[in-house]
Amino acid sequence: MTAAEPRLGPATMVETFSYETLYSEKSVDTALNPGLHAKYDFATAYPAPETLPLDGLIQSLQAAVDSNSTKVLAELAYYPHQLGALELREYTAQKLEADRGFTVTADEIALTNGSGEALALVIQALTNPGDVVLTEEFVYMGTTAQLRRFGADIRGVAMDEGGIIPEELEEQIVALTAAGDRPKYLYTIPEHQNPMGSTLSGERRRAILEIAHRHNMPILEDDCYVDLRYKGDVQPAFRALDDSGIVVYVASFSKLLAPGLRLGYFTASPELMRRALGFKIGSGPNQFAAVAIEGYLRNNLESHRDNFNPMLQAKCDSMTAALEEHFGDSGATWSAPEGGCYVWLTMPEGSDISSIRDKVFDQGVGYVAGVAFEADGSGRTGHNCARLCFAFESVEKNAEGIALLAQLFKQHGAM
Ligand SMILES: Cc1ncc(COP(=O)(O)O)c(C=O)c1O
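Residues numbered from 1 in each chain as written. Predicted model: local features only at pLDDT ≥ 70, side-chain atom pairs only at ≥ 80, totals over all residues.

**Comments concerning the overall build of the chain**
Scanning the chain from terminus to terminus reveals 12 helices and 15 strands. Against the compact-globule benchmark of 22 Å for 415 residues, the chain has a radius of gyration of 23 Å, which places it among compact chains. Split into buried and exposed, the 415 residues of the chain put 44% on the buried side. (Helix = DSSP H or I, 4+ residues; strand = E, 2+ residues; numbered from the N terminus. Rg over C-alpha atoms; globule rule 2.2 N^0.38 Å. Buried ≥ 20, exposed ≤ 12 C-beta atoms within 10 Å, placed from the backbone.)

Written as structure tokens, this is what we have:
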């Protein structure tokens, strides 16, 4: 258009088009995450960039191109298979057999855009609005957000430092069923739970499986943190203890390698998998990332874990030592995780560290208040608790940040 040409329809043009009357009934004006980081960032939910094997991932990608560029090119030139890159699915099947003790074929694994997508697909395939879904009483808010979005009525199951208490679970199922609210399924993070850091013993897992069968209630097992163990023994996956299809298994490469790769996966009984994948938007996930991950982990999984986990332990130790030093006399308690990313801090009953969170953030320390993880979202509990991620900051910053946190809690009357 030249300057002399008249603009189209000048009389009806507006400067800012309004969608006011056009939004769908279900659309919600949702705030974007501002992506802010405090100086001492204990609010983040992933390990630090220094643990990310960037060179290794690039070299693996390059090696794949060097050994068969035609194949890599062809893989990139087409939309990925709905299940995702075959080589990474084959590798994942081998890893599951070696690390988690159960056998599935590559075609029984679907790679997803992070494990968050896997969870969303399974949730959609299993949840009608109003369905009661059980989870740990404090649990990863990414999953509770998805559950709520699809109308689940989420109820928390009582836990102790060993995770869900099987007897409490069964009592709750019986009571809910008697009240006409039979739970549809159980979502659990059995290994290094987010946010509480607990791991369910093999014995509890067996007991929970028996309960699940008795009440015809599938288990959605989220094994997102299983590779991040620096002490104690890994416990058998629910899926390894049960081959009947009652367990849906979800895991991720986000915490082991990098969340920015956006690759996770799930495996479930065939019809459930097909139904879950029916909710997928678009094709399988990023092929470039899949090639890099497959090549890197096939050759470096052990050395990466051997390097990565001692670093996590040093970070956890420095945070818990600082908690001992600065919170030891306060009546606070904290979890002693054997892996994962989180320490769960519990201040004495009545202390409110939820309402001062933003002020403490502005003064340099980030954490997520416990109430954000409350399963039923009632806002009644967790105000005296916080999830502290020990994996992101350095050993030194963990110690400094906890000292500052104690000072700020005192300043704001929370300690
Ligand atoms: C327990 C748990 N599950 C799933 C996810 C989602 O991770 P991603 O989608 O990056 O695999 C997270 C992320 O923090 C998590 O903590």
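**Focus on the packing of helix α1 (residues 54-67) against helix α10 (residues 287-327)**
Across the interface, α1 lies against α10 with an axial gap of 8 Å and an inter-helix angle of 105°. When the axis of α1 is compared with that of α10, the two are roughly perpendicular. Contact residues: α1 offers Gly56, Leu57, Ser60, Leu61, Ala63 and Ala64, while α10 offers Phe288, Val291, Ala292, Gly295, Tyr296 and Asn300. When its residues are assigned to classes, the contact of α1 with α10 shows 8 nonpolar, 4 polar and no charged. (Axes fitted to C-alpha atoms, helices over the stretch in contact; angles between N-to-C directions. Parallel < 35°, antiparallel > 145°, perpendicular 65-115°, else oblique. Contact = placed C-beta atoms within 7 Å. Nonpolar A, V, L, I, M, F, W, Y, C, P; charged D, E, K, R; others polar.)

**A look at the domain arrangement of the chain**
Segmenting the chain into domains produces domain 1 (40-52 + 302-411) and domain 2 (54-300). With 28 residues of domain 1 at the contact, the number on the domain 2 side is 33 residues. Taken together, the elements giving at least two residues each to the side of domain 1 that touches domain 2 come down to α10 and β12 (342-346). Sorting elements by how many residues they give to the side of domain 1 that touches domain 2 places α10 first, with 7 residues. Tallied by class, residues from the side of domain 1 that touches domain 2 come to 13 nonpolar, 10 polar and 5 charged. (Domains from an automatic or database assignment.)

**Some points on the nonpolar core**
The biggest cluster of nonpolar side chains holds 112 residues, and the ones touching the most others in it are Leu111, Val122, Phe266, Ile293, Leu388 and Cys389. Sorting elements by how many residues they give to this core places α10 first, with 14 residues. Each of domain 1 (40-52 + 302-411) and domain 2 (54-300) accounts for three or more of the residues forming this core. Excluding its chain neighbours within four sequence positions, the residues that come into contact with Leu388 are Phe42, Met319, Tyr342, Val343, Leu345 and Tyr367. (Core = buried A, V, L, I, M, F, W, Y, C linked by C-beta atoms within 7 Å.)

**Things to note about the packing of helix α6 (residues 166-178) against helix α7 (residues 202-214)**
Where α6 meets α7, the closest approach of the two axes is 9 Å, and the angle between their N-to-C directions is 15°. When the axes of α6 and α7 are compared, the pair comes out roughly parallel. Every pair of crossing elements has a handedness; the one defined by α6 and α7 is right-handed. Where α6 approaches α7, its residues Pro166, Leu169, Glu170 and Ile173 are matched on the opposing element by Arg204, Ala207, Ile208 and Ile211. Residue classes in the contact of α6 with α7 are distributed as 6 nonpolar, no polar and 2 charged. (Left-handed = near helix turned anticlockwise from the far one by under 90°.)

**As for the site of the ligand**
Around the ligand sit 14 residues in total, of which Gly114, Ser115, Gly116, Ser252 and Ser254 are the nearest. Counting residues per element, the shell around the ligand draws most heavily on helix α4 (residues 114-126), at 3 residues. Its residues assigned to classes, the shell around the ligand shows 5 nonpolar, 8 polar and 1 charged. (Near = placed C-beta within 6 Å.)

**Examining the sheet that holds strand β9 (residues 247-252)**
Reading across from one edge, β2-β10-β9-β8-β7-β3-β4 is the order of the 7 strands in this open sheet, with mixed pairing throughout. Taken across any chain shown, the strands that pair with only one partner, and hence form the sheet edges, are β2 (110-112) and β4 (153-157). The mean angle between the axes of side-by-side strands here comes to 20°, regardless of whether they run parallel or antiparallel. Bridge count for strand β3 (residues 132-136) against strand β7 (residues 185-188) is 3 bridges, and the pairing is parallel. Bridging across to β7, Val133 finds its partner in Tyr185. (Pairing = 2+ DSSP bridges.)

**Comments concerning the pairing of β3**
Successive residues of a regular strand alternate their side chains across the two faces of the sheet. For β3, the buried fraction is high: 5 of the 5 residues fall into the buried class. For β3 and β4, the ladder comprises 5 bridges, and the chain directions are parallel. Paired with Thr135 across the strands is Gly156, a residue of β4. One crossover worth recording links β3 to the parallel β4 by way of helix α5 (residues 141-149), and it is right-handed. (Right-handed = clockwise from strand over helix to strand, strands pointing away.)

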